[in-house]
Amino acid sequence: MRKIRGWIAGVAWLIAAAALAAPNPDPYPSPTSKKGLQVQMVDDALSLGIQHAALNCHLASLVDLTARPDSIPFSFEGNDYFFLAAPIAHLDSQVQPLFAHGVVVSLILLNYENGNEELNRIFLHPRYDRAAKTNRMSAFNVATPDGVRYLRAVVTFLAQRYSAPDSAHGRVWNYIVGNEVNSHWWWNNMGRATPEEVASEYERAVRLVHDAVRTASDHARVFLSFEHHWSIRYPAGAADQSCPGRELLEAFARYARERGDFDWALAYHPYPENLGEPCFWNDKSATQADDTPRITFKNIEVLPRYLARPELLWQGHPRRIILSEQGFHCPDRPNGERDQAAAYCAAWWKITHLDGIDAFILHRHVDHAYEGLNLGLWTHQPNTISTPDRKRQMYEVFRLADTPDWEKAFAFALPVIGIERWEQLLPNAVPP
C-alpha cells in the first residue's frame, strides 16, 4: 500500500511538473471599457456592465496545514500542500461567472494576521509588529524558508487554477501584491522600517509572485499597490511608518533592475486628498508637477507621464497602470449624494480620455460599517456590516457610464463641478 501511495504521489508530481512547464499562452484580453468594481454581489455587478473586477484574497485563509480529507491537495517542488475546499469554492463562485461574462478579474493578494499561530509563523513577516494594532496586515514573509516556500506554493496554486486552458474555474488576469505599501505600518507591516527596507522586501515578494504566476500564464500581470501620497508621506505616520509613493517606487524599480528586471505593473489608488470630501476638483495638493504632494483624480495624468521615464520602462514601453481601489465618500449633507455622483462622473470622463490607464475599479460596492466612509453604490442596512439596503444616485451614473446615454446621465454634474464642458477637466484646457 505504501508503494502504491508513493507511486500515486509521484504521478501527481509529474502531472504538476508538466503543467508548470507549459504556461497558458493566451494573450491578455482587450476589454472595450475601463469600468470596474470591487465586487461584493456578482449578479448586481454584472447587471451594471462592468468589464473589470477586483476581489480580495487572504492567502493564509486558504491553507490547510492538517490535510483534511476534503481539502484540495497540491504537489509543488516535492512538497504536498492542502487548500481548504470552502474558501476555494467561494473564490470559484466569484471568478467563474465574472470571467464567463468577459470581465477581467484581479485578485488582491493579502496577508492578514489570523487566529492560527502556525499559519502566522509561516506567513507573517518576522518583523511584523503585533503591537501596532492597525489593520492586522503583514508584509509578505520573504525572509524565512517556510515563508518563501508557502508564498510560492499558494500563488502557483491560484495561478494554475485560474489560468487552466479549460477555464473550468474561470480566469484571473491580474495579481495585485498587497495593499497601499507606501503606508506600510498600516497595510504592509514589517515593523518600523526605512523606505529602502520596505522597497527591498516588497521587491522580493512581487518578484516571487510574478515568477509563480509565470509558471501558469505567459501574459497575466502582477501589480504593485500604492495609495495617493506621492512626494509626501501619509502624515499620520512617522518616517519609519510611511513613505512617499514616488520614493518607494523609485527604490523598488532600482532593486528590480539590480536583481534582474521583470514586467511589474502598478495598481494605484487616487483617492481625493480629503477622503471625506468627494469634490476632488478642489484638491489643493494635487498639482501638475512631477513632485506633486498627492496624485488624485485632479492630476491623475501625472502618473502615466511619470512612468514614461526611461529608467522605468519595460522593454521600451511604459508599465501598465490600473486604478484598483478608489471611491468617493457620500457626505452627510443635503447634496451629499449629488456630489458623490458628480465626482464619479468627472473621474470617469477623465480616465476614459486618458491614455496609459487600463481600468478604473471603484471601491465600494456596498458601504461597510467599519470603514468610516460611505463609499458605496449601495447603502448598508442598519445594524449590519455590509448588507445592501438602498441604491445611491451614483449607482445610476455608474451603470450608464459607458453607454450611449452617458452624456444625458452626467449632465447634472457640470454645474456641480463648475465647468461648462467636460474637456475642461483635462490639463491645459482652454477656458470657456
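Residues numbered from 1 in each chain as written. Predicted model: local features only at pLDDT ≥ 70, side-chain atom pairs only at ≥ 80, totals over all residues. Heavy atoms only, no water.

*Asks:* Looking at this structure, I do not really get the environment of methionine 137. What am I missing?
*Replies:* By the secondary structure assignment, methionine 137 is in the loop between helix 4 (117-123) and helix 5 (145-161). Placed 83 residues apart in sequence, methionine 137 and alanine 220 show a C-alpha to C-alpha distance of 25 Å. (Helix = DSSP H or I, 4+ residues; strand = E, 2+ residues; numbered from the N terminus.)

*Asks:* Please clarify how unusual backbone geometry should be interpreted in this entry.
*Replies:* In most cases, non-glycine residues show a negative phi, while peptide bonds are predominantly trans. The omega angle of the peptide bond from histidine 363 to arginine 364 is 15°, so this bond is cis rather than trans. Along the chain, the position of arginine 364 falls in the loop between strand 10 (360-362) and strand 11 (378-380). Notably, glutamate 77 is not glycine yet its phi reads approximately 50°, a positive angle. Structurally, the position occupied by glutamate 77 is in the loop between strand 3 (72-76) and strand 4 (79-83). In the Ramachandran plot, asparagine 383 falls in the positive-phi region, its phi being about 65° despite a non-glycine side chain. When you line up the elements, asparagine 383 lands in the loop between strand 11 and strand 12 (388-391). On the basis of relative accessibility, which here comes to 84%, the residue asparagine 383 falls in the exposed class. (Buried < 20%, exposed > 50% of the residue type's maximum accessible area, 1.4 Å probe, protein only.)

*Asks:* What exactly am I supposed to notice about the packing of aromatic side chains here?
*Replies:* Aromatic rings considered in pairs are described by the distance between their centres and by the relative angle of their planes. According to the stated counting rule, one finds 25 aromatic pairs in the structure shown. In this structure, arginine 192 is placed above the aromatic ring of tryptophan 185, and the distance from its NZ or CZ to the ring centre is 5.3 Å. Sitting over the face of the ring of tyrosine 28, arginine 221 holds its NZ or CZ atom 3.6 Å from the ring centroid. (Phe/Tyr/Trp six-rings, centres within 6.5 Å; stacked < 30°, edge-to-face > 60°. Lys NZ or Arg CZ within 6 Å of the ring centre and 35° of its normal.)

*Asks:* What exactly am I supposed to notice about the nonpolar core here?
*Replies:* The nonpolar side chains of soluble globular proteins are, as a tendency, buried together. By size, the foremost hydrophobic cluster in this structure holds 122 residues, and its most contacted members are Leu158, Tyr175 and Trp422. When residues of this core are assigned to their parent elements, the largest contribution, 10 residues, is made by helix 10 (residues 336-352). Among residues more than four places away in sequence, those in contact with tryptophan 422 are Cys345, Ala346, Trp349, Trp406, Phe410, Ala413, Leu414 and Ile417. With 11 residues, the next largest nonpolar core counts Ala54, Leu110, Ile176 and Ala359 among its residues. (Core = buried A, V, L, I, M, F, W, Y, C linked by side-chain atoms within 4.5 Å. Contact = heavy atoms within 4.5 Å.)

*Asks:* I tried to follow helix 8 (residues 245-259) on my own but got confused; where do I start?
*Replies:* Helical geometry note: an α-helix holds 3.6 residues per turn, so side chains three or four residues apart project in the same direction. With 15 residues, helix 8 ought to run about 21 Å at 1.5 Å a step, and its terminal C-alpha atoms sit 21 Å apart, in line with that. Buried residues of helix 8: Gly245, Leu248, Leu249, Ala251, Phe252, Ala253, Tyr255 and Ala256, and no others. Looking at the buried positions of helix 8, the neighbouring elements they touch are helix 7 (195-214), strand 7 (221-227), strand 8 (264-269) and helix 9 (302-307). A positive backbone phi angle near 110° is found at glycine 260, which sits one or two residues after helix 8. (Expected span 1.5 Å × (residues − 1).)

*Asks:* Explain the sheet that holds strand 6 (residues 174-177) to me, please; I cannot follow it from the model alone.
*Replies:* Hydrogen bonds between backbone groups are what pair the strands of a sheet, and the pairing can be parallel or antiparallel. The eight strands are arranged 1-2-5-6-7-8-9-10 in a closed barrel whose pairing can be described as parallel. Between one strand axis and the next, the sheet turns through 30° on average, direction left out of account. Helix 8 rests against strand 7 and strand 8 of the sheet, and its axis sits at about 150° to strand 7. Of the strands in this sheet, strand 1 (35-38), strand 9 (321-326) and strand 10 are in contact with helix 10, which crosses strand 10 at around 160°. (Pairing = 2+ DSSP bridges. Axes fitted to C-alpha atoms, helices over the stretch in contact; angles between N-to-C directions.)

*Asks:* Just to check I follow, could you spell out the pattern of salt bridges for this structure?
*Replies:* Once their charged atoms are close, side chains differing in charge can pair, the charge on each being opposite to the other. The final tally for this structure, using the stated rule, is 31 salt bridges. When the shortest N-O distance is used, the salt bridge between glutamate 118 and arginine 121 registers 2.8 Å. Residue glutamate 118 and its partner arginine 121 are located together in helix 4, separated by three residues, close to a single helical turn. Judged by its relative accessible area of 44%, arginine 121 is partly exposed. Each of the salt bridges in this network shares a partner with another, and the network as a whole consists of Glu118, Arg121, Asp146 and Arg149. (Salt bridge = Lys/Arg side-chain N within 4 Å of Asp/Glu carboxyl O.)

*Asks:* Can you walk me through the packing of helix 7 against helix 8 in this structure?
*Replies:* For any two helices packed against each other, one specifies the crossing angle of their axes together with the interaxial distance. Where helix 7 meets helix 8, the axes come as close as 9 Å, and the angle between the chain directions of the two elements is 55°. When the interaxial angle is binned, helix 7 and helix 8 end up oblique. In this structure, helix 7 meets helix 8 at a crossing whose hand is right-handed. For the pair formed by helix 7 and helix 8, the contact residues are Pro195, Glu196, Val198, Ala199, Ser200, Tyr202, Glu203, Arg204, Val206 and Arg207 on the first element and Glu247, Leu248, Ala251, Phe252, Arg254, Tyr255, Ala256 and Arg259 on the second. Class assignment for the residues of the contact of helix 7 with helix 8 results in 10 nonpolar, one polar and seven charged. (Parallel < 35°, antiparallel > 145°, perpendicular 65-115°, else oblique. Left-handed = near helix turned anticlockwise from the far one by under 90°. Nonpolar A, V, L, I, M, F, W, Y, C, P; charged D, E, K, R; others polar.)

*Asks:* What exactly am I supposed to notice about the packing of helix 5 against helix 7 here?
*Replies:* The geometry of helix 5 relative to helix 7 is characterised by a closest axis approach of 8 Å and an angle of 40° between their N-to-C directions. Classed by the angle they form, the pair helix 5 and helix 7 counts as oblique. Considering only the axes of helix 5 and helix 7, their crossing is right-handed. The residues of helix 7 that touch helix 5, namely those facing Val148, Leu151, Arg152, Val155, Thr156 and Ala159, are Leu208, Val209, Ala212 and Val213. Residues that form the contact of helix 5 with helix 7 fall into these classes: eight nonpolar, one polar and one charged.

*Asks:* Where do I start with helix 10 in this structure?
*Replies:* End to end, helix 10 covers 25 Å across 17 residues, agreeing with the expected 24 Å (1.5 Å per residue, within 8%). Taking burial as the measure, the 17 residues of helix 10 include 14 buried ones, the bulk of the element.

*Asks:* So what exactly am I meant to see when it comes to the side chain of aspartate 64 here?
*Replies:* Tracing the backbone through its elements, the reader meets aspartate 64 in the loop between strand 2 (52-58) and strand 3. Among the residues examined, aspartate 64 registers a relative accessible area of 5% and is labelled buried. At 2.7 Å, the side chain of aspartate 64 and the backbone nitrogen of arginine 68 are in polar contact. Aside from chain neighbours lying at most four places away, what touches aspartate 64 is Ser71, Phe82, Phe83 and Leu84. (Polar contact = N/O pair within 3.5 Å; in protein donor to acceptor, adjacent residues only side chain to side chain.)

*Asks:* Please clarify how the pairing of strand 2 should be interpreted in this entry.
*Replies:* Working note: regular strand, side chains alternate between the two faces of the sheet. Most of strand 2 sits inside the fold, with six of its seven residues counted as buried. Strand direction decides the pairing type here: strand 1 and strand 2, joined by three bridges, are parallel. Bridge pairing in strand 2 links glutamine 38 to alanine 54.

In short, shape yes, function no, at least from these values alone.
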